[in-house]
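# An overview of the molecular structure
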Amino acid sequence: MQHAGSAPRRVGCPVSTTASHGAAGAASAVHEQLPDRAFDDVAESWRRSTEDHRVDPASTLAPNVLTAGELRHSREPMERTIRAAQSELDRVYALVRRVGYVVLLCDTNGVAVEYRGSEARSAQFRYWGVWVGGVWSEAIEGTNGIGTCIAEQRPITVHQTQHFRARHGSLSCSAAPVFGVDAQLAAVLDVSSIDSGLSAQSHGLTLPLVVASARALEERLFREAFARSWIMAVAPSGDEHAAPLLAFDRDYRLVGADRRARAEFGLTQERLDNGLSLWTLFARSASLLQRRGTGADTVVGLQDGNGAGLRCAVVSAPVLSLRSHVSPVDAEFLLRPRATLLTELERLFVFQPPRGGLSAGALRRVREFVESHLAGNIDLDALAAEARLSVYHFARAFRHSTGVSPHRYILEQRVRRAQQLLVQSDRPLAAIASAVGFFDQGHFSRQFRRLVGTTPSSYRKTRR
């Protein structure tokens, strides 16, 4: 494979151009076609192409295309991703093939390692470089959908004259990044057209399609990597459209988190390696505890530590275990993405506390009491009084509603409050321990590490 610093090998016939297009003038024209953020990405890419990569916009050399041997070398580390992508490549191509698009799966160097396209038009696609083996590094070709997506690590459309090189002025590309289970860029999914008459409005429809397909491929890779674990897809929060994915073991220790989950919940690899409990992210869910063993997907309602912010989630049982065998057909079915179901499920899902537990009002009063008395001593009698039950009936009903004893719940809330204080203030650890009701700093540190998976000092450092 050619590297950015070496002279690229080109194939195909050069084309003539009457004039080069300057970066400043072309960027002005591009601005009229794009929303602000997209313009910023393309404009910054043009700057890199000019100043950092020194790409010649008037060059008529054909794109770089790898030999068969070079392509095999690029495909080898991508084999797992290529296998996982087959159904998504087929699905996307079925939607765009009638309008002459080619679908490319590229590695992080911009090499197209897998494709879907019309074999009858393969000579044309090869000439333009949008075929298997094509290299679309921004350092070599300047602004283009694949290379700029790699540089920006977010979805992007580059339409015709938005390309830096004049030779590529008839191409239209929409690309989306695919992130691996380690939250690092793993691949790029791209759809490209060589139709010079394609309008920007028509081509713009391809970006949501390729983004959705890239997210589905990410989920497939995540489910394959954690096929021996329980996997939870959580309904997106706020304006997000992608569901965070979490993997946990039989003891509810987190063993994996995708890029969105890491960003939303502040998860680092260190915290995951330390055996962080799922219940540090959510209030313990009685419905999950009671229904997890059914072997089928379970729809549950999750609440944050303060009992607010209900989130719908789909929990999937392990596809593989040391004591069971799953046929290839069953495995293919069980590894399918579920995250796209969450929007509809969340609309239909109604949270109902388990029968025999506390009423919604009693549970709210108890939680509010705990929240306002964390710094002091909280005894069972006071909680039972808030719920207007005897101590015996309260303890049973509380566990039934939350899946955890009152003592454990209070401990979890103290640790959650401590997490907030560690991030939001510079108070000494001893002062924080006292403020959230621990006996001393040593007791605080031991309980914090047991629940969070790291020490208070390390937690403060990683979250700032």
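Below, the structure is looked at part by part.

Reading the values: rules and limits
- Residues numbered from 1 in each chain as written.
- Predicted model: local features only at pLDDT ≥ 70, side-chain atom pairs only at ≥ 80, totals over all residues.
- Heavy atoms only, no water.
- Helix = DSSP H or I, 4+ residues; strand = E, 2+ residues; numbered from the N terminus.
- Buried < 20%, exposed > 50% of the residue type's maximum accessible area, 1.4 Å probe, protein only.
- Areas by Shrake-Rupley, 256 points an atom, 1.4 Å probe, with all protein chains shown as cover.
- Pairing = 2+ DSSP bridges.
- Axes fitted to C-alpha atoms, helices over the stretch in contact; angles between N-to-C directions.
- Contact = heavy atoms within 4.5 Å.
- Expected span 1.5 Å × (residues − 1).
- Arc of directions from axis to C-beta.

Further remarks concern the overall build of the chain. Looking only at helices and strands, one finds 21 helices and 10 strands in the chain. In the chain, which comprises 464 residues, the share counted as buried stands at 52%. Accessible surface, the chain as shown: approximately 21,600 Å² in total, 52% of it carbon and sulfur.

Positive phi outside glycine occurs at Gln-153, with the angle close to 55 degrees. Checked against the element boundaries, Gln-153 lands in the loop between α7 (145–152) and β3 (156–159). A positive phi angle is found at Tyr-252, which is not glycine, with a value near 65 degrees. Within the fold, Tyr-252 resides in the loop between β7 (245–248) and β8 (254–257).

This part is about the sheet that holds β8. Ordered in space as β8-β7-β6-β10-β9, the 5 strands form an open sheet in which the pairing is antiparallel. Two strands bound the open sheet, and with one partner strand each, they are β8 and β9 (298–302). Between one strand axis and the next, the sheet turns through 25 degrees on average, direction left out of account. For β9 and strand β10 (residues 311–316), the ladder comprises 5 bridges, and the chain directions are antiparallel. In the sheet register, Val-300 faces β10, and the bridge partner there is Ala-313. Lying on the sheet, helix α9 (residues 206–225) is in contact with β6 (230–234), β7, β8 and β10; it crosses β7 at an angle near 5 degrees.

Our focus in this paragraph is the sheet that holds strand β2 (residues 112–116). Reading across from one edge, β2-β1-β5-β4-β3 is the order of the 5 strands in this open sheet, with antiparallel pairing throughout. The strands lining the two open edges of the sheet, one partner per strand, are β2 and β3. Taken pair by pair, the neighbouring strands of this sheet meet at an average axis angle of 20 degrees, ignoring direction. Inspection of the sheet shows strand β4 (residues 172–179) paired to strand β5 (residues 185–193) by 8 bridges, in the antiparallel sense. Within β5, the position partnered with Ala-175 by the bridge is Asp-190. The strands touched by α7 within the sheet are β1 (102–106), β3, β4 and β5, with β4 carrying the most contacts at an inclination of about 35 degrees.

Turning our eyes to something else, we now look at helix α17 (residues 391–402). Look at α17: 16 Å from first C-alpha to last across 12 residues, which is about the 16 Å you get at 1.5 Å a residue. Those residues of α17 that sit buried are Phe-394, Ala-397, Phe-398, Ser-401 and Thr-402. For α17, the arc enclosing every buried residue in end-on projection is 110 degrees, short of the 170-degree limit, so these residues lie on one face. Facing away from the buried surface of α17 by more than 90 degrees, the exposed residues are Tyr-392 and Arg-396. Once α17 ends, the next one or two residues include Gly-403, with phi positive near 80 degrees.

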